[in-house]
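Spelled out from the first residue to the last, the chains are:
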Amino acid sequence: RDGPVGVEYFLEHGAALKQELKEKGALLFRGCGVNSAEDFEAVLDAVPFENMPYLGGAAPRRQITHRRIMTANESPPDEKIPLHHEMAQTRQPPDYIFFYCDTAPISGGATTLFDSRAAFDLLNLVDQSLAAQLETQGVRYTRVMPAVTDPASPIGRSWQETFLVETKPEAERVMQGQGLRWQWLDGDELRTESPVLPAIRLDPVSGRKTFFNSVIAAFTGWNDTRNVGQRAVQLGGGAYLPSAVFEQFLDRAATEVVNVPWQVGDMLWLDNRLVMHARQPFEGPRQIYTAIALESG
Ligand SMILES: [Fe+2]
């Protein structure tokens, strides 16, 4: 979309845009007259997307507007954030994720997209048996969280901020609700293990299988002083992923992705069930806002 439009445009065309998003997976709005976090929120309110709190996610973020807008991942600029479906390491990932560019970086910082229907086809081509194991066994994610948010880590959200709580008993209630197993470690760090979650899902719109999971992110990116990525994800049966095969898949995926460089005022909508996103390293003060939503509403 090109050219300024008001919130009325989104009120009028919201249902059609949502339908288009469910087919294409991503829509970029450039120069459409969205000039602030408040405008961004007004647009999201105008379209039937049900707001969802960011509960159980790993990235350090800050709340911008009272209701639905947060900063995107605030991890260090020189680090790439690998491809992932938002919160696919949890039992209820959002159906949609939205980004808005408040401040564009001086260089780099593109958001990279990869269609997960294509990702499944590619994995199936690289190693049919790994694709089948992921499909039949699912995956389990393990993560150690700090007691205080660690901005030096891309997965440095403290357990208090991860679960939106203040005390250990409150955290335990939320973890129970999310089906997590946990262990308290020295220094009030927390080790969590997810239930076995699906790694391959079916897109009801196209009838195609999708590589809908957080496997790439965990395998390549869950590295900090507390975590080792290649040990952060396991097949449901307990095995770790075969590194050589998985790296071959990643190498080929890197040639199929699409980069979206940001301009101020850009708004990017993603169907989180269809498209993975990643962040390229950047220089300068990049500020991207984000919100997540569920299908209903
Ligand atoms: Fe993300």
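Residues numbered from 1 in each chain as written. Predicted model: local features only at pLDDT ≥ 70, side-chain atom pairs only at ≥ 80, totals over all residues. Heavy atoms only, no water.

### Some remarks on the pattern of salt bridges
The full count for this structure, using the stated rule, is 19 salt bridges. Close ionic contact of Lys-22 with Glu-295 constitutes a salt bridge, the shortest N to O distance being 3.2 Å. Of the two residues, Lys-22 sits in helix 1 (residues 7-24) while Glu-295 sits in the segment after strand 18 (287-294), which places them 273 residues apart along the sequence. The class for Glu-295 is partly exposed, based on a relative accessible area of 22%. A cluster of three or more residues bridged by salt bridges with shared partners is formed by Lys-18, Lys-22, Asp-95, Asp-271, Arg-273 and Glu-295. (Salt bridge = Lys/Arg side-chain N within 4 Å of Asp/Glu carboxyl O. Helix = DSSP H or I, 4+ residues; strand = E, 2+ residues; numbered from the N terminus. Buried < 20%, exposed > 50% of the residue type's maximum accessible area, 1.4 Å probe, protein only.)

### Observations concerning the packing of helix 1 against helix 2 (residues 37-46)
Their axes nearest at 8 Å, the elements helix 1 and helix 2 cross at an angle of 20°. Between helix 1 and helix 2, the angle falls in the class roughly parallel. The handedness of the crossing between helix 1 and helix 2 comes out as right-handed. Mapping the contact onto sequence places Val-7, Phe-10 and Leu-11 in helix 1 and Ala-42, Val-43 and Ala-46 in helix 2. (Axes fitted to C-alpha atoms, helices over the stretch in contact; angles between N-to-C directions. Parallel < 35°, antiparallel > 145°, perpendicular 65-115°, else oblique. Left-handed = near helix turned anticlockwise from the far one by under 90°. Contact = heavy atoms within 4.5 Å.)

### Notes on the sheet that holds strand 16 (residues 275-279)
One open sheet holds the 4 strands; their spatial order is 4-16-7-14, and the pairing between them is antiparallel. Lying at the two open borders of the sheet, with one neighbouring strand each, are strand 4 (81-84) and strand 14 (258-260). On average, adjacent strands in this sheet sit at an angle of 20° to one another, irrespective of strand direction. Bridge count for strand 7 (residues 111-115) against strand 14 is 3 bridges, and the pairing is antiparallel. By the bridge assignment for strand 14, Leu-113 is matched with Val-258. Running at roughly 65° to strand 7, helix 3 (residues 116-126) makes contact with strand 7 and strand 16 of the sheet. (Pairing = 2+ DSSP bridges.)

### Considering the nonpolar core
In this structure, Leu-134, Phe-211, Leu-241, Phe-246 and Phe-249 are the most contacted members of the largest nonpolar core, which totals 34 residues. Listing elements by their share of this core, those giving two or more residues are helix 3, helix 4 (128-137), strand 8 (139-145), helix 7 (215-221), strand 13 (233-235), helix 8 (243-253) and strand 16. Each of domain 1 (7-115 + 258-295) and domain 2 (128-254) contributes no fewer than three residues to this core. Setting aside anything within four residues of it in sequence, one finds Leu-134 in contact with Leu-123, Val-139, Ala-199, Ile-200, Phe-211, Leu-235 and Leu-241. (Core = buried A, V, L, I, M, F, W, Y, C linked by side-chain atoms within 4.5 Å. Domains from an automatic or database assignment.)

### A few points about the sheet that holds strand 13
Two strands in a sheet stick together by hydrogen bonds in their backbones, pointing the same way (parallel) or opposite ways (antiparallel). A sheet is described by the order of its strands in space; here 4 strands give the open sequence 9-10-8-13, paired in antiparallel fashion. In this open sheet, the two edge strands, each paired with only one partner strand, are strand 9 (181-184) and strand 13. On average, each strand axis in the sheet is inclined to that of its neighbour by 15°, with strand direction left out of account. The sheet contact formed by strand 8 and strand 10 (residues 190-193) spans 4 bridges and is antiparallel.

### Here we look at the layout of surface pockets
Size it by volume and the largest pocket reaches roughly 320 Å³. Contributing to the lining of the largest pocket are 16 residues, with Lys-80, Pro-82, Leu-83, Ile-216 and Thr-220 lying nearest its centre. Put simply, the parts of the chain that give the lining of the largest pocket at least two residues each are strand 4, helix 7 and helix 8. For the lining of the largest pocket, the element with the highest residue contribution is helix 7, accounting for 3 residues. For the lining of the largest pocket, the residue count by class is 8 nonpolar, 6 polar and 2 charged. Shared between two domains, the lining of the largest pocket holds at least three residues of each, these being domain 1 (7-115 + 258-295) and domain 2 (128-254). Here the second largest pocket defines a volume of roughly 160 Å³. (1 Å grid on protein atoms, 1.4 Å probe; cavity = no way out; pocket = protein on both sides within 12 Å on 5 of 7 lines; lining within 4 Å. Points joined across faces, edges and corners; volume = space filled by probe spheres on them. Nonpolar A, V, L, I, M, F, W, Y, C, P; charged D, E, K, R; others polar.)

### Some points on the coordination of the iron ion
For the iron ion, the protein coordination sphere consists of His-84 (NE2), Glu-86 (OE) and His-277 (NE2), at 2.1 to 2.2 Å. Ordering the donors of the iron ion by residue number gives the pattern H-x1-E-x190-H. Pair noted here: His-84 is in strand 4 and His-277 is in strand 16, with a separation of 193 residues, a long-range link. Both residues of the pair, His-84 and His-277, belong to the buried class. (Donors = N, O, S within 2.8 Å, 3.2 Å for Na, K, Ca; no water.)

### Structural notes on unusual backbone geometry
One non-glycine residue, Leu-164, lies in positive phi territory at about 55°. Position of Leu-164 relative to the elements: it lies in the loop between helix 5 (159-163) and helix 6 (168-177). A positive phi angle is found at Asp-188, which is not glycine, with a value near 60°. Its place among the elements puts Asp-188 in the loop between strand 9 and strand 10. A residue is classified by how much of its surface remains accessible, and Asp-188, at 37% relative accessible area, is partly exposed.

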